[in-house]
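An overview of the molecular structure
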Amino acid sequence: MIEIFLKKKLNASSGKMLLDIKTSIEPGKLVTLYGKSGAGKTSTLRILAGLLKPDFGKITVHGNVLLDSVQKVYLPSQKRKIGFVFQDYALFPNMTIFENLSFALHKKQSKKIINELIEIMEIGDLQNQKPYHLSGGQQQRVAVARALVQKPELLLLDEPLSALDEEMRNKIQKYILQVHREFNLTTILISHDLAEVLKMSDQVLVLDHGKIIQSGNPISIFSTNDRTNPFNITGEIIRLEKLESTTFLTILIGKDIAKIEVSNEENETLVLGDKIIITSPNFKPTIKKIIQGQLHLPS
Amino acid sequence: MDWEPLLLTFKLALITTIILLLVSIPLAYWLAFSKSKTKPIIETLVSMPLVLPPTVLGFYLLIAFSPANGFGKWLDEWLGLRIVFSFEGLVFASVIYSLPFMVHPIQSGFSNLSTSLLEASFMLGKSKMTTLSKVLLPNIKSSLLTGIVLTFAHTIGEFGVVLMIGGNMPGVTKVASIAIYDEVESLNYGAANSYSLVLFGLTFSILLLVYIVNGGYLKQFWK
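Source: prediction; values computed, not measured. (Residues numbered from 1 in each chain as written. Chains lettered and ligands numbered in written order. Predicted model: local features only at pLDDT ≥ 70, side-chain atom pairs only at ≥ 80, totals over all residues.)

**Some words on the overall build of chain A**
Where we set the bar: Counting from the N terminus, the helices are DSSP H or I runs at least four residues long and the strands are E runs at least two residues long. This radius of gyration counts C-alpha atoms alone. The globule rule is 2.2 Å times how many residues there are, raised to the power 0.38. Whether a residue is buried, exposed or partly exposed follows from its count of other C-beta atoms within 10 Å of its own C-beta, namely 20 or more, 12 or fewer, or something in between, respectively; the C-beta atoms are built from the backbone. Note on contacts: residues are paired as contacts if their backbone-placed C-beta atoms lie within 7 Å.
Across its full length, chain A holds 7 helices and 15 strands. In terms of C-alpha radius of gyration, chain A reaches 21 Å, essentially the compact-globule figure of 19 Å for 299 residues. In terms of its C-alpha atoms, chain A occupies a principal-axis envelope of roughly 70 × 50 × 35 Å. Taken across its 299 residues, chain A has 33% of its residues classed as buried. When contacts within chain A are restricted to residue pairs at least 6 apart in sequence, long-range pairs at least 24 apart make up 66% of them.

Below is the structure:
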């Protein structure tokens, strides 16, 4: 079990904010921190990693106390068994990919793990290259592999997928899910992307202004959970045309755009950029498969 | 031409550069990564030699280390170290005087690195020392080279501070820049010219080397 309790005053772009987090995470789960930028997601992750000190708090991972401001316990980053994947990947430019991975080894650790990770992440061809020559997706795979060399208990990923294109995103999602299972990890990742949250995570923590406003299973949080409405589509309003009695919404759903008409009375609060759920009772869809999905994992 | 002043100059520049490299790496590391409130004060002190007349520095060093005064007397009696009018004194003064020329390039090298490199190394369980030697320093090679060369060249060019604290003792403190002044005073323009030409040619070559290496011109031939 991972118990997190922390408080810290932050200077966010929108002004002063109190980060106030209290939650627990079951081992082996993949958890997403979801929320607007400036909500405190990265700070939470950095505090877990020991890269930022909270004003007050207590963090335990599987019974080990990493931080306890009452007992004055503070484990430095070096002593926490945590793998961290940085948003800018943070590969060491002076080392080749293989050297980046072997630098991560413990003093007496065998090199076997490196070959294993190279195989899983399919980066064998890149081994002797410097990070400079790699694409974003390739660097990301190396960064994930490097974070796993020391076999951490907890893997933290700071927006691992935001800088990648759709195709690479799908691929990296697959790799992350695969190592999450094979290495028996508890994984926490930050994401802005609703589809990604729904696709990958067991649990989602929705952050707003430094506080967790919702926590639980992503499907139950982001859907109306209504049996008569089994069909839920999430999207973002990208255009709003208000007429006298109705409003036309242009909605971005994944890569697709849909236009729907809603009545003004029920939807007075809608503004541009809102994330919404569309449900449709009595909806009888016909489904046709066009491309085989990529997220197939050995169960 | 008497080669002694030139040799003494290079000896002084070499020793100063080595000492400054060792001192400046931790100092620049602290300046680049610390969030301490005393940082602006330390930064100011490091940069002072850039704007302070060398004679001011030399004057205060002379006063502070004079065996006639408390601290200088203590050094002389207890450690047998006489800073004033000695080669050791020249080294000490040069280290202070050339400090910004070594610290600034290294500090900006560190600052330009993404802090996530440092943090990534910590997350991999590496100590600050390992991170410094395996990750940070290898990625700021050009800043290190700039610092080393500027310090060396700047020490060669010293005059005021050396004259104040070292005087003009042949073989001990008479470096090339002072020898030139000396020869001109005695109207030996020929000798002054010889020293000057050597210093001119040498500093030109050293700086040219830095710009060639840091400009990446050499890499065209290596690949």
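**Considerations on the overall build of chain B**
The helix and strand tally for chain B stands at 12 helices and 0 strands. In sequence order, the secondary structure elements of chain B are arranged as α-α-α-α-α-α-α-α-α-α-α-α. With the C-alpha coordinates of chain B rotated into their principal frame, the extents come out at 65 × 50 × 30 Å. Burial status across chain B gives 36% buried among its 223 residues.

**Structural notes on the interface of chain B and chain A**
Our working rule: In this classification, Asp, Glu, Lys and Arg are treated as charged, Ala, Val, Leu, Ile, Met, Phe, Trp, Tyr, Cys and Pro as nonpolar, and every other residue, Gly included, as polar.
Facing 15 residues of chain B, the contacting portion of chain A comprises 16 residues. Contributions of two or more residues to the side of chain B that touches chain A are made by α6 (115-123) and α7 (128-136) of chain B. The greatest single-element share of the side of chain B that touches chain A, amounting to 6 residues, is contributed by α6 of chain B. Residues belonging to the side of chain B that touches chain A are distributed by class as follows: 7 nonpolar, 5 polar and 3 charged.

**Here's the deal with the sheet that holds strand β13 (residues 246-253) of chain A**
Residues and elements named next belong to chain A. Counted only if it meets this: For two strands to count as paired, DSSP must find a minimum of two bridges between them. Convention adopted: a line fitted to C-alpha atoms gives each axis, helices being fitted over their contacting stretch, and angles between N-to-C directions are expressed from 0 to 180 degrees.
Taken together, 4 strands build an open sheet; the order of strands is β14-β13-β12-β15 and the sheet is antiparallel. If you trace the sheet from one side to the other, it starts and ends with β14 (256-263) and β15 (275-279), each paired once. In this sheet, neighbouring strand axes are inclined to one another by 45 degrees on average, regardless of whether the strands run parallel or antiparallel. As judged from the 5 bridges shared by strand β12 (residues 232-242) and β15, these two strands associate in the antiparallel manner. Of the residues in β15, the one forming a bridge with Gly235 is Ile276.

**Notes on the nonpolar core**
Where we set the bar: By our criterion, buried Ala, Val, Leu, Ile, Met, Phe, Trp, Tyr and Cys residues that link up through C-beta atoms within 7 Å make up a nonpolar core.
Ranked by size, the top nonpolar core spans 112 residues in total, and within it Leu117, Ala143, Val144, Ala145 and Leu156 of chain A together with Ile165 of chain B carry the most contacts. When residues of this core are assigned to their parent elements, the largest contribution, 9 residues, is made by helix α5 (residues 87-112) of chain B. For Leu156 of chain A, the contacting residues outside a window of four places in its chain are Leu45, Leu48, Ala49, Ile82, Gly83, Phe84 and Ile188 of chain A.

**With respect to the pairing of strand β9 (residues 186-191) of chain A**
All names here are of chain A. Most of β9 sits out of view: 6 of its 6 residues are buried. Burial of the side chains of β9 extends over both faces: Thr186, Ile188 and Ile190 are buried on one face and Thr187, Leu189 and Ser191 on the other. Where strand β3 (residues 30-35) lies against β9, 5 bridges are found, and the strand directions are parallel. Within β9, the residue paired with Tyr34 across the bridge is Ser191.

**A closer look at helix α11 (residues 189-214) of chain B**
Heads up, the rule is: Under the convention used throughout, the expected extent of a helix is 1.5 Å for every residue step, that is, one less than its residue count.
Its 26 residues give α11 of chain B an end-to-end C-alpha distance of 37 Å, which sits within 8% of 38 Å, the value for a rise of 1.5 Å per residue. Count one or two residues on from α11 of chain B and you reach Gly216 of chain B, which has phi positive near 80 degrees.

**Digging into the domain arrangement of chain A**
All names here are of chain A. Our working rule: Annotation comment: domain bounds sourced from an automatic or database domain assignment.
When its domains are assigned, chain A resolves into domain 1 (2-221) and domain 2 (224-279). The distance between the C-alpha centroids of domain 1 and domain 2 comes to 33 Å. With 4 residues of domain 1 in contact, the opposing surface of domain 2 contributes 5 residues.

**Digging into unusual backbone geometry**
Look at Glu122 of chain A: it is not a glycine, yet its phi comes out positive at around 55 degrees. Mapped onto the secondary structure, Glu122 of chain A falls in the loop between α3 (112-120) and α4 (136-148). Accessibility expressed as a C-beta count within 10 Å gives 13 for Glu122 of chain A, which makes it partly exposed. Positive phi is not limited to glycine here, since Leu187 of chain B has a value of about 60 degrees.

**A short note on the packing of helix α8 (residues 141-156) of chain B against α11 of chain B**
Helices that pack against each other are described as a pair by the angle of their axes relative to one another and the distance between those axes. Residues and elements named next belong to chain B. Applicable threshold: Here the word oblique covers every angle except those under 35 degrees (roughly parallel), over 145 (roughly antiparallel) and from 65 to 115 (roughly perpendicular).
Running from N to C, α8 and α11 point in directions that differ by 170 degrees, and their axes come no closer than 10 Å. Our classification of the angle between α8 and α11 gives roughly antiparallel. Where α8 approaches α11, its residues Ser142, Leu145, Thr146, Val149, Phe152, Ala153 and Ile156 are matched on the opposing element by Leu199, Thr203, Ile206, Leu207, Val210, Val213 and Asn214. Classifying every residue of the contact of α8 with α11 by side-chain character gives 10 nonpolar, 4 polar and no charged.

**A few points about the environment of Glu236 of chain A**
Residues and elements named next belong to chain A. Mapping Glu236 onto the fold places it in strand β12. In sequence terms Glu236 and Gly273 are 37 residues apart; their C-alpha atoms lie 5.9 Å from each other. Beyond its immediate chain neighbours, meaning those up to four positions away, Glu236 contacts Ile251, Leu252, Gly273 and Lys275.

**What about the confidence of the model for chain B?**
Here is the rule: One confidence number per residue, pLDDT, is output by the predictor and ranges from 0 to 100.
Overall, the prediction assigns chain B a mean pLDDT of 90, with 97% of residues at 70 or greater. Per the prediction output, this complex has pTM 0.81; the corresponding ipTM is 0.81.

**Here we look at the pairing of strand β7 (residues 82-85) of chain A**
All names here are of chain A. Because side chains alternate across β7, one face comprises the buried residues Ile82 and Phe84, and the other comprises Gly83 and Val85, equally buried. Of the strand pairs in this sheet, β7 and strand β8 (residues 154-157) are connected by 4 bridges, and their pairing is parallel. Each bridged residue has a counterpart across the sheet, and for Ile82 the counterpart in β8 is Leu154.

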